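# Residue-level structural notes
These are the residues of each chain, in order.
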Amino acid sequence: MSLSAYVPILALFALATAFTLFSVGISQIVGPKRYNRAKLEAYECGIEPSPEPVGGGRFPVKFYLTAMLFIIFDIEIIFLYPWAVTFADLGLFGFVEMLLFIGTVFIAYAYVWRRGGLDWD
Amino acid sequence: MNGFTIATPAQVLAIDVRLPDLDYAAMAPMLVLFGAACLGVLVDAFAPRQSRHTIQFALSFIALTVALLAVIREARVGSRELTADVALAIDGPTLFLQGTLAVLGIVALLLVGERALEKGGPFVSQAAIPVGSEADRRQAREEGATEVFPLTLFALSGMMLFVAANDLLTMFVALEVFSLPLYLLCALARRRRLVSQEAALKYFLLGAFASAFFIFGMALLYGFAGTVSFGGIHDAALLATTSPLLLFTGLAMVAVGLLFKIAAVPFHVWTPDVYQGAPTSVTAFMAACTKVAAFGGLLRVLYVAFDRARWDIEPVIGTIAILTMLVGAILAVTQTDIKRLLAYSSIANAGYLLVGALAFSKEGLSSAMFYLAAYGFTVIAAFAVITLVRDDDGEATHLSRWAGLGREAPLVAGVFTFLMLAFAGIPLTSGFTSKFAVFGAALGVGEAWPVALVIVGVVTSMILAFPYLRVVVMMWLSEPAEQSPTVAIPGAFTSAALMVGVLATLLLGVFPSPVLDLADRAAEFIR
Amino acid sequence: MTTADVLMLALGAVAVGAAAAVVTTRQIVRAGLWLVVALGSLAGLYLVLSAELVAWVQVLIYVGAVVVLLLFAVMLTRAPIGVSEDLDRSRWPGLLIGGGAGLGLAALLIDAYQWSTVDLADGAGAEEVGAAIFRSWVLPFEVLSVLLLAALVGAIVISRPDVSARVGR
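Below, the discussion takes up the overall build of chain C. Broken down by element type, chain C carries six helices and zero strands. Counting from the amino terminus, helix and strand elements in chain C follow one another as α-α-α-α-α-α. Evaluated residue by residue, chain C yields a buried proportion of 33% over its 169 residues. In chain C, once contacts between residues fewer than 6 apart in sequence are set aside, the share between residues at least 24 apart is 61%.

Here you go:
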C-alpha cells in the first residue's frame, strides 16, 4: 500500500501543530500578562457570550430544515465522485442512472422550494 | 494510491465494469410505486391546494392497481430469477407477498384517503407544532397534509423491495425506505396530538436502534461470509472456514432488527403505544402491511441464508415465539383501550406466524404466507370499524365507551363481532383456517419444538379468545353508558375497505382452498 | 511492526479515547466535539486500510454533516451550553451495557480472526467503488435517492414554515 500521497498532508499537520505549540508556548514565556474583563471573556466575534441561545429560547426549527437539505446534497455529492471517475466505462447506462438519482433528489429540492422551505421568514 | 487523481486509461482497464442485467418487468411493481410516489411529491409541490387530495388519491390508487397487475403478470409468466445482479430474488414468495401488499395497500389507502368522517381528514399538516399552542389550535381547523399519500406509497414500495431483497444491503435500504415514512405518518393524527407525537418519537428511536442492530449484524455476517448475499451466506455456512460464533452473533443482531419490525417479544414494547397513538388508518396500514413485509423478509433470511443453522436457531426463535404468544395473549386480557387490545393481539399473531415459520418446511412457508394475507384483511377491517365509533373528541377507543353499541348500531357492531370472532379463530372465518394451517404445518414436521410451539399456540389462542369475546359481550349485553359515542356513517372509502376486509375474512374462512393452493404453489425460495 | 501497524494502533487509541470522552463528558456540546475526534480518527483508520473513498466519505458526511446536525439538534432542544445536571443518569447500567457489548464484540472478533492476516486490497478507491455501485448495487443506489426524497418530505412535514400564511401556494 502506498500512503505516500498523504505524506505532504501529514507534514502540513505536523507543521501546523508545531507552529501552534510554538506560538502559544513562546507567548506564555515572553509575553506580558495584563488581564482585564474583556480579555477573560470567551471570544464570540464581539457578541455578548451567553450560556443559552439568544433570548433563552430555542432556535427556530427552520435551521433543522437547512441542515437536512445540506446533508442530503452532501450525500448526493459523495455518490457523484465515484461515478465521475468511472464515467468513461459506465457510458450511457451510468449516465442515465445518475440522471435518475439526481432527478429524484431534485424533486426533493423543488418540493422544499415550493413549500417555502427556502424562504427565511 | 491515487484515488483523487483522474484515472489513467491503464487503471480504468483494470476495473471490470460489467453492467448489471435488469429485468424491468420483474421490478415493475416497485418501479411503478417509486415513480408514483415521486410524482406525488411533485403534485404536492405544484398542484393547487384544493385539488391535491383528489389527485393524490387517484394517483396512489392507480399506481397500486398497476403494481398489482404487474405482479399478477409476472406471476403468470412464472418467472423465477435473480435480477439486478442478484440484489433481487423474483420467486414465488416474493410475488405472493408483493401481491398481498398491493391488495392490502389498496384497502389501507381507502382508509387513509377517507375524509367524510372528519373535516379535513384524519391527519394534520404539520407534525412538530407544540400541543396546546395557538398554531396547534389553528391547524386543528385546517386541512390535513396530502403528503400522506406519497409517504404511503414510499412505504409500500419499500415493503415490496424488502420482501424481494436477496442480500442484506438491499434489505437494509428497503427497511429504511419503508420505516421512515411510517415514523412520519404516526405523528400526524388529527386528534390526541400529544399521544401521536409520542408514538412517532418512540417508534423512531426504537426503530433506529433496531436498524443499528441490523446493520451491525450485517457487518459481522459480511466478516463471516465475505458477502452480504443470502446465497453467499448459505454457502459460507456450509464451508465454515471462519468462526461460527461470528455467524450466530451476526444472525442474532440481524434477527433483532427484523423481530422488532414484526413486534415479537421482547422487542414489542413500542407496539401498543404506537398502535394507539398513530392515526387509526395508519395503524391499520402498519398492522397489515408492515407485518407482511417484515415477516416476508424474516422468512427469506431464515429459509434462504440460515437454513443450515436451523438446529441452532430453532431453540432461540422458538423461545421468542412462545414468549410472544404468551405476552401478547395475557396482556391483551388486561387492556381497556381497543387499539391497545388489537396491538397486543397483533403481537400474539406474530407469535403464531413464527410457529409457521419455524416449521422450516414448504408447508410452514405457505401457511405463514396465507396467514399474513388473511390476518391483514381482518385487521384492516377491524381498525376501519374503530374509525367509525366516535364522539366529540374523535374516536372513542376506551372499551367502556363501546358498551351497548349493539343497540345503537347493530350493523357496525355485528361486523365488529364477526371480526372479533375471526381473531378468536372461530370456524368459518379466515382466523380459523389460517391458524389451522400454521399449526398443521408445524405438527406435520413432527419434531419436539414445533409440537411444543403448537401446544402453546392453542393454549394462548384460548386465552386470547377471552378479550375478544369480552368486547362482543360488552357491545351486545351491556347497558350503554350515559353519553355513548355515536357511530359515524362511513364514507364510500371506509365502506369499501370494510366490505373488502369482511368479505375476505369470510371467503378465506369458507373457501380458503384457492388462496391456500396459490400460497402452496408459490412457497419456494430461490437462492 | 510496520508504519501501518503503528498508525492503526495510535488512531485506534485516539478513537476509543475520544468515544469514551463522548459518553463521559458532562457538557453536551463537548460530547459533540469529541465525536468529531472519534469519527475523524476512524477516517484515519480507513485511510491506513487504503480505503480512501470511504475515509473521505467519513470526513464529509459524518464529521462534516452529521455532527453539525447533532449540534443543531442541541440548539433546537433548548439544551444549555455548559454542564447540564438534568441530562445525567446513573452511570452503572450504561457502563455495564456499553462496556459489556464492546468487550463482547471485541472478544468475538479476536476469536474469529485470531492472528490471521489479510493482504490489503489495493482496490478500495473511487474507481472500484464506482464500478461496484453501478454493477452490483445499482438498485439499492437508486432506492437511496428515493429514501433521501422521503427524508426531505418528512423534514418538511415536521418543520414546514407556517402553512396557513401561504394558502395560495
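Before going further, it helps to examine helix α4 (residues 91-113) of chain C. Residues and elements named next belong to chain C. Compared with the 33 Å implied by 1.5 Å per residue over 23 residues, the 32 Å span of α4 between its first and last C-alpha is a close match. In terms of residue burial, α4 counts as a barely covered element, since only zero of its 23 residues are buried. A positive phi of about 45° marks Q114, the residue just after α4.

For the rest of this paragraph, the subject is the nonpolar core. Membership of the largest hydrophobic core comes to 264 residues, with the highest contact counts inside it found for I380(B) and L152(C). Per element, the largest residue contribution to this core is 19 residues, and it comes from helix α15 (residues 362-388) of chain B. Every residue in contact with L152(C), bar those within four places of it in the chain, is listed here: M68(A), I72(A), A108(A), Y111(A) and V112(A).

Following the sequence through the fold, G132(B) ends up in the loop between α4 (92-112) and α5 (134-141). With 304 residues separating them along the chain, G132(B) and F436(B) place their C-alpha atoms 49 Å apart.

Here the focus is the interface of chain C and chain A. Contacts between the two partners involve 45 residues from chain C, matched on the other side by 42 residues from chain A. For the side of chain C that touches chain A, the secondary-structure elements that each account for two or more residues are α3 (52-76), α5 (126-135) and α6 (138-159) of chain C. Of all the elements, α6(C) adds the most residues to the side of chain C that touches chain A, at 13 residues. Taken together, the residues that form the side of chain C that touches chain A break down as 31 nonpolar, seven polar and seven charged.

The next point concerns the packing of α15(B) against helix α21 (residues 513-522) of chain B. Residues and elements named next belong to chain B. At a closest axis distance of 8 Å, the pairing of α15 and α21 adopts a crossing angle of 135°. Regarding the angle of α15 to α21, the classification is oblique. As α15 runs across α21, the sense of the crossing is right-handed. From α15, S366, M369, F370 and A373 reach across to α21, where they touch V515, L516, A519, D520 and A522.

Turning our eyes to something else, we now look at the packing of helix α10 (residues 244-262) of chain B against helix α12 (residues 280-305) of chain B. Residues and elements named next belong to chain B. With their axes 8 Å apart at the nearest point, α10 and α12 run at an angle of 155° to one another. Considered as vectors, α10 and α12 are oriented roughly antiparallel to each other. With respect to the hand of their crossing, α10 and α12 are arranged in left-handed fashion. Listed contacts from α12 to V254, L258, K261 and I262 of α10 are T290, K291, A294, F295, G297, L298 and V301. When the residues that make up the contact of α10 with α12 are grouped by side-chain class, the tally is seven nonpolar, two polar and two charged.

A word on the sheet that holds strand β5 (residues 486-487) of chain B. Residues and elements named next belong to chain B. Spatially, three strands are ordered β4-β3-β5 in an open sheet, and the strand pairing comes out antiparallel. Edge strands, defined here as strands with exactly one partner in the open sheet, are β4 (394-395) and β5. Taken together, the two bridges between strand β3 (residues 389-391) and β4 define a ladder with antiparallel strand orientation. The residue bridging D391 from the neighbouring strand is G394, located in β4.

A separate point is helix α1 (residues 7-30) of chain A. The terminal C-alpha atoms of α1(A) lie 34 Å apart, and with 24 residues this matches the ideal 34 Å at 1.5 Å per residue to within 8%. With zero of 24 residues buried, α1(A) lies mostly on the surface of the structure.

Procedures and definitions
Residues numbered from 1 in each chain as written. Chains lettered and ligands numbered in written order. Predicted model: local features only at pLDDT ≥ 70, side-chain atom pairs only at ≥ 80, totals over all residues. Helix = DSSP H or I, 4+ residues; strand = E, 2+ residues; numbered from the N terminus. Buried ≥ 20, exposed ≤ 12 C-beta atoms within 10 Å, placed from the backbone. Contact = placed C-beta atoms within 7 Å. Expected span 1.5 Å × (residues − 1). Core = buried A, V, L, I, M, F, W, Y, C linked by C-beta atoms within 7 Å. Nonpolar A, V, L, I, M, F, W, Y, C, P; charged D, E, K, R; others polar. Axes fitted to C-alpha atoms, helices over the stretch in contact; angles between N-to-C directions. Parallel < 35°, antiparallel > 145°, perpendicular 65-115°, else oblique. Left-handed = near helix turned anticlockwise from the far one by under 90°. Pairing = 2+ DSSP bridges.

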